[in-house]
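Letter by letter, the chains look like this.
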Amino acid sequence: MDTIFKVDEDHAKLAATLASQGVEYVFASFVDICGRSKSKCVPIEHLPDLMAGHERYTPRGLGNLGKMTPTEDECVAVPDLSTLCILPWDRRFAHMTADLYFGGNEPFAHCTRSVLKKQIDAAAEAGFVLQLGIETELYVVQPFSQPRATATEEVLAPYAASGRLRPTPAYDVESTMDVMDFLHPMVQAMKECGFGAFSFDHEGGDGQVEFDFDYAPSLVTADRVTLLRLMAKQIAKQVGLMVTFMPKPYTDAWGSGAHFNMSLTDVDSGNNLFRDPDDARGRGWSKTAYGFTAGIMRHAPALAAICTPTVNSYKRLQPRLSDGTVSWAPTWAAYGDNNRSCMLRLPRNRPAIENRAVDSAANPYLAAAFLLAAGLEGVAEGLDPGDPIEDLTYDWTVSGPHSGDVQAKRLPRNLLEAIEAFDTDPLTRTVFHSEFVSAYTAMKVEEWEAYHSRVSEWERETYLTMF
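Residues numbered from 1 in each chain as written. Predicted model: local features only at pLDDT ≥ 70, side-chain atom pairs only at ≥ 80, totals over all residues. Heavy atoms only, no water.

Q: Give a detailed account of the pattern of salt bridges, specifying residues and quantitative values.
A: Under the defined criterion, the tally for this structure stands at 23 salt bridges. The closest approach of N and O atoms between Arg-356 and Glu-354, which form a salt bridge, is 3.3 Å. On the basis of relative accessibility, which here comes to 5%, the residue Arg-356 falls in the buried class. Between Arg-460 and Glu-457 there is a salt bridge, and its shortest N-O distance comes to 3.4 Å. Of this pair, Arg-460 and Glu-457 both sit in helix 14 (residues 457-463), three residues apart, which is roughly one turn of the helix. The exposure class of Arg-460 is partly exposed, given its relative accessible area of 38%. Under the relative-accessibility criterion, Glu-457 is labelled partly exposed at 45%. (Salt bridge = Lys/Arg side-chain N within 4 Å of Asp/Glu carboxyl O. Buried < 20%, exposed > 50% of the residue type's maximum accessible area, 1.4 Å probe, protein only. Helix = DSSP H or I, 4+ residues; strand = E, 2+ residues; numbered from the N terminus.)

Q: Please set out the packing of helix 8 (residues 300-307) against helix 10 (residues 364-380) residue by residue, giving values where relevant.
A: One way to put it is that helix 8 packs onto helix 10 with a least axis distance of 9 Å and a crossing angle of 165 degrees. Classified by the angle between their axes, helix 8 and helix 10 sit roughly antiparallel to one another. Relative to helix 10, helix 8 is oriented so that their crossing is left-handed. Taking contact as the criterion, the partners of Ala-302, Leu-303, Ile-306 and Cys-307 in helix 8 are, on helix 10, Leu-366, Ala-367, Phe-370, Leu-371 and Ala-374. Of the residues contributing to the contact of helix 8 with helix 10, the split by class is nine nonpolar, no polar and no charged. (Axes fitted to C-alpha atoms, helices over the stretch in contact; angles between N-to-C directions. Parallel < 35°, antiparallel > 145°, perpendicular 65-115°, else oblique. Left-handed = near helix turned anticlockwise from the far one by under 90°. Contact = heavy atoms within 4.5 Å. Nonpolar A, V, L, I, M, F, W, Y, C, P; charged D, E, K, R; others polar.)

Q: Tell me what's going on with the packing of aromatic side chains, and back it up with residues and numbers.
A: Summed over all chains, the structure comprises 20 aromatic pairs. With a centroid separation of 5.7 Å and an interplanar angle of 50 degrees, the aromatic rings of Phe-422 and Phe-432 are classed as tilted. Of this pair, Phe-422 sits in helix 11 (residues 415-424) while Phe-432 sits in the loop between helix 12 (428-431) and helix 13 (434-452), and the two are ten residues apart along the sequence. Its relative accessible area of 0% is what places Phe-422 among the buried residues. (Phe/Tyr/Trp six-rings, centres within 6.5 Å; stacked < 30°, edge-to-face > 60°.)

Q: Would you mind going over the nonpolar core in detail, with residue names and values included?
A: Counting residues in hydrophobic clusters, the biggest one holds 97 residues, and the most contacted among them are Phe-182, Met-231 and Phe-432. Here this core takes eleven residues from helix 10, the largest share from any one element. Other than its neighbours up to four places away in sequence, Phe-182 contacts Leu-138, Val-140, Val-209, Phe-211, Ala-232, Ile-235, Ala-236, Val-239, Leu-241 and Val-243. (Core = buried A, V, L, I, M, F, W, Y, C linked by side-chain atoms within 4.5 Å.)

Here it is as structure tokens:
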């Protein structure tokens with residue numbers, strides 16, 4: 001068998017142990033641009049070969065990125081044994097996360113996990129570790145009752161037996177209990193996989209839920225979120241439901257975010273570096289925290305291409321819902337002291353910066369990598385974000401704030417604006433391989449043009465008889 005590493009006898013023992021526990025197959029999943037897990041399925045007795053890099057993949061065309069090139073060499077998937085777990089909802093399968101290598105031992109340009117690992121290494125050289133907690137939101141809905149091609153908002157019915165509550169079912173106990181057929185096995189699976197689940201709730205949309213679990217080093221958290229997406233889809237199917245991570249599945253409802261709660265710890269001591277009781281602003285934050293904040297604000301337009309990566313994402317980044325209530329999603333690259341209308345919130349109850357712009361469609365590896373690089377640039381250059389925003393940014397006009405030296409940029413209004421910022425920002429090509437930047441930009445421009453060229457029902461209703 002063609003492998004890139006020597007087969008380890010200990011892995012044969014591990015395979016035997018897993019088989020004795022009922023495991024029949026194993027996945028070593030790499031993660032595509034859309035955040036989906038991709039893997040061949042390997043019988044458990046071939047685990048040693050899998051660990052040695054036996055499984056190969058056609059490198060391009062993964063997650064719609066780039067064009068398949070039949071004459072190229074293949075990628076090798078190298079599993080990370082530390083991520084091994086038996087899937088609680090189907091114990092026939094064990095699962096690991098893998099990295100893709102191309103042309104020997106070089107990370108593949110489009111391997112999203114490797115992109116994050118590169119930035120983690122750069123942070124470690126500077127003395128930092130990025131700790132990350134992600135608030136994962138999704139909608140639990142009834143399965144399609146019609147063929148997918150004719151599915152509409154009416155067909156995508158929320159799973160909410162207690163009915164639609166106004167103004168919102170957020171934190172509603174009855175609504176939470178109504179979804180326990182899904183929530184209970186989810187939480188049990190999260191616990192068994194070591195997530196450290198500590199709360200879950202019904203969110204602001206009908207059938208919208210959120211899972212909160214322990215923060216961890218960024219690579220661990222990104223691995224967990226990727227597994228959680230697979231977990232949620234499979235468990236929902238087992239109870240006759242469906243979940244969607246689409247950022248804005250309903251016009252009139254709240255969007256689904258994936259708020260990134262980020263902090264830097266010292267690489268040696270593990271101490272959090274974001275607090276300082278001598279903060280000149282009197283808010284208890286360190287210069288490191290302010291620099292990290294300013295770095296993200298500087299690159300916010302380009303970051304949007306990764307953190308809000310779809311056409312649909314920008315339906316969420318609106319100041320208000322159709323009924324006039326605030327959306328709770330940011331529209332300005334500003335920061336505030338506990339101000340949830342800003343992109344960045346410096347909460348009073350934890351030493352972390354919360355980025356509220358990231359949504360549920362974001363690939364967690366790519367988002368964490370780009371945010372880390374932007375934040376560290378701000379730290380290295382000693383940037384200052386100015387004073388925090390106190391007022392409701394949803395009330396700002398197009399030109400933004402008019403007082404003082406407030407630093408704020410309007411977030412991109414659509415995917416095309418974000419991609420143009422991504423392509424021209426100098427930081428982009430230090431984080432991502434130039435091949436990735438070109439392919440990602442082309443893919444997203446194509447996505448925008450495909451959307452923009454389609455005539456919508458709104459256009460027909462508005463213009464058909466106007467002239």
